[in-house]
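# Secondary and tertiary structure notes
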Amino acid sequence: MTRLFLFLGLLIVVANSFQAENSILRYWKENIGLPQPPHWLAAKASPLNPQQAAMFLKLMEGNELITHLPSFCKQANVACSTNALVRKTMHNRTLPRIARWNGAKLKYSLPNKIPLLVASQGGLPYFRESMVKEGDFISVPDLRDPVSYKSFLPQSLASNIPFSFFRIKELKKLFGIVDESTMDKYIHNTLEICEKCSIQGDECTCVTSAEDLIDFVVEKLGHHLSVWSTESVEGSYENVRVGSIKLIHGNLAELPALCHSQPFPFQVYYCHVLEKVKVYAVDIHARKKVNHAIMACHYNTSAWNSNHLAFQLLGFGPGLIEVCHWINENGVVWTKL
């Protein structure tokens, strides 16, 4: 009898996952001129079915979700405690802890708060385009997403999350986040980036659902798109040999959209449309296997903070050099076809 219940439970989980992926697939087909969404996007679909989403929304609106938090976190595949975060992010024990500068990379208009000695350890977070040549070696930084396993929330739930510094206490209580924990710091960092973006204008945004992600890129770039992402985290903290290099977006007059996965209890993407960016597909020969990585090079850095980490590492200053970086795990670049 126990085996029967376990089998039925497994069938329900599989059915929910299939239903969630079908929902993303339908929305993708309705809006994007490509037959299938990338695997990483389908994998990020919320495992909650419509009935579960409606039930948890009702609990959220009645301020009763906290009493059902373990069930919600497990069924929605979100991070609701520091313990869960540590357990799931330390699965790869061959790599050091997540690099401290990972979250600071997107703060182009903010000064660097990470000591230069720390930022330069374990690979180059920023580099010049001329430093990446076929046959040469380059030191690759940490490519991992700090909370890579988490899923999107359904749009109905995500739109009701108190996603702001003003309501941060309410947000942390909702997900059971402890003060001064790793996730607490991730939340502060992500909200800082997202709220800075809202001040700058409509060329960047933070999206909290798969539907919002698709809506943003369609609004900015149209329906006919190419999607690019780094294949894996292989090569992190290694001095790798550079293989083939392919320019996949070189028109500086045409704007691509870059979306970076943000550490948060559920899946959040920081997306921005930037002028004068080139995008390359680069084979990096790591110890275990070849990783097909995506590299973005910014040719307009004039609005970046003069104390930005890139300038501290490379010299020069805003507007004087191009600055390149790798697209991390779960990050994505969208370009027009």
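As the structure is a prediction and not an experimental result, all values here were calculated from the model.

Below, the discussion takes up the overall build of the chain. When helices and strands are counted, the chain shows 11 helices and 10 strands. Residues classed as buried in the chain amount to 51% of the 337 residues present. Considering only contacts within the chain whose residues lie at least 6 apart along the sequence, 74% involve residues at least 24 apart.

Moving on: the nonpolar core. Membership of the largest hydrophobic core comes to 37 residues, with the highest contact counts inside it found for Phe72, Val78, Leu153 and Phe175. When contributions to this core are tallied by element, the ones reaching two or more residues are α3 (50-61), α4 (69-76), α7 (155-158), α8 (168-175), α9 (182-200), β2 (204-207) and β6 (268-273). Beyond its immediate chain neighbours, meaning those up to four positions away, Leu153 contacts Ser46, Phe72, Ala76, Val78, Ala158, Ile161, Phe175, Thr208, Ser209 and Phe266.

Time to look at the environment of Glu134. Its location among the elements puts Glu134 in the loop between α6 (116-119) and β1 (137-139). Overall, Glu134 belongs to the exposed group, its relative accessible area being 57%. A sequence separation of 149 residues divides Glu134 from Asp283, and the C-alpha atoms of the two residues are 9.0 Å apart. Those residues within four positions of Glu134 in sequence are excluded, and the remaining contacts are Val242, Gly243, Ser244 and Ile245.

Further remarks concern the confidence of the model for the chain. On average, residues of the chain carry a pLDDT of 83, and 80% of them reach 70 or more. Low pLDDT (under 50) marks residues 1-18, which in the prediction has 3 contacts with non-local residues, meaning those over four places away or in another chain. For residues 82-91, every residue scores under 50 in pLDDT, and the model assigns this stretch 13 contacts once sequence neighbours within four places are set aside.

Throughout the structure, instances matching the rule amount to 9 salt bridges. One salt bridge connects Glu170 with Arg167, and the closest N-O pair in it is separated by 2.7 Å. Note on Arg167: relative accessible area 35%, which makes it partly exposed. When the shortest N-O distance is used, the salt bridge between Arg287 and Glu238 registers 3.7 Å. Here Arg287 is found in the loop between β7 (277-285) and β8 (290-298), whereas its partner Glu238 is found in the loop between β3 (225-228) and β4 (239-249), with 49 residues between them in sequence. Beyond isolated ion pairs, a larger network of salt bridges with shared partners links Lys172, Asp179 and Asp184.

This brings us to the state of the cysteines. In a disulfide, the sulfur atoms of two cysteines are covalently bonded to one another. The final tally for this structure, using the stated rule, is 4 disulfides. The partner cysteine of Cys194 in its disulfide is Cys206, sulfur to sulfur 1.9 Å. For the disulfide bridge between Cys194 and Cys206, the dihedral angle about the S-S bond is near -85 degrees, and by the sign convention the bridge is left-handed. Of the two residues, Cys194 sits in helix α9 while Cys206 sits in strand β2, which places them 12 residues apart along the sequence.

For the rest of this paragraph, the subject is unusual backbone geometry. Backbone geometry places Asn63, a non-glycine residue, at a positive phi of 55 degrees. Looking at the secondary structure, you find Asn63 in the loop between α3 and α4. Owing to a relative accessible area of 66%, Asn63 belongs among the exposed residues under this scheme. With a phi angle near 65 degrees, Phe316 is a residue other than glycine that sits in the positive phi range. Within the secondary structure, Phe316 sits in the loop between α11 (309-314) and β9 (323-326).

A few words now on the sheet that holds β2. The strand order β2-β6-β5-β10-β3 describes an open sheet built from 5 strands, whose pairing is antiparallel. Only two strands of the sheet have a single neighbouring strand rather than two, namely β2 and β3. Between one strand axis and the next, the sheet turns through 20 degrees on average, direction left out of account. Across 6 bridges, the pairing between strand β5 (residues 257-262) and β6 is antiparallel. If you follow Ser261 over to β6, its bridge partner there is Tyr269. Relative to β6, helix α10 (residues 210-221) is tilted by about 5 degrees, and along the sheet it contacts β2, β3, β5, β6 and β10 (332-336).

What follows is about the pairing of β4. The sheet contact formed by β1 and β4 spans 3 bridges and is antiparallel. Note that in β4 the partner of Phe137 across the bridge is Arg241. Relative to β7, β4 runs antiparallel, the two sharing 6 bridges. Opposite Ile245, over in β7, you have Val282 as the bridge partner.

What counts, and at which threshold
- Sequence order as written defines the numbering, with residues in each chain counted from 1.
- This being a predicted model, a pLDDT of at least 70 is required before a residue's local features are given, and a value of 80 or more before pairs of side-chain atoms are given or counted; all residues contribute to the totals for chains, interfaces and linings.
- Hydrogens and waters are ignored; side-chain quantities use all the structure's heavy atoms.
- Counting from the N terminus, the helices are DSSP H or I runs at least four residues long and the strands are E runs at least two residues long.
- Accessible area is worked out with a 1.4 Å probe on protein chains only. A residue is then buried under 20% of its type maximum, exposed over 50%, and partly exposed in between.
- Working rule for contacts: check all heavy atoms of both residues, and any pair within 4.5 Å makes them a contact.
- For the purposes of this section, nonpolar cores are sets of buried Ala, Val, Leu, Ile, Met, Phe, Trp, Tyr and Cys residues that join through side-chain atoms within 4.5 Å.
- Scored between 0 and 100, pLDDT is the confidence that the predictor attaches to each residue.
- When a carboxyl oxygen of Asp or Glu lies within 4 Å of a side-chain nitrogen of Lys or Arg, that pair is called a salt bridge.
- Cysteine sulfur atoms that come within 2.5 Å of each other are treated as a disulfide pair.
- When DSSP finds at least two bridges between two strands, those strands are taken to pair.
- A fitted line through C-alpha atoms serves as each axis, taken over the contacting stretch for helices, and the angle formed by two N-to-C directions is quoted from 0 to 180°.

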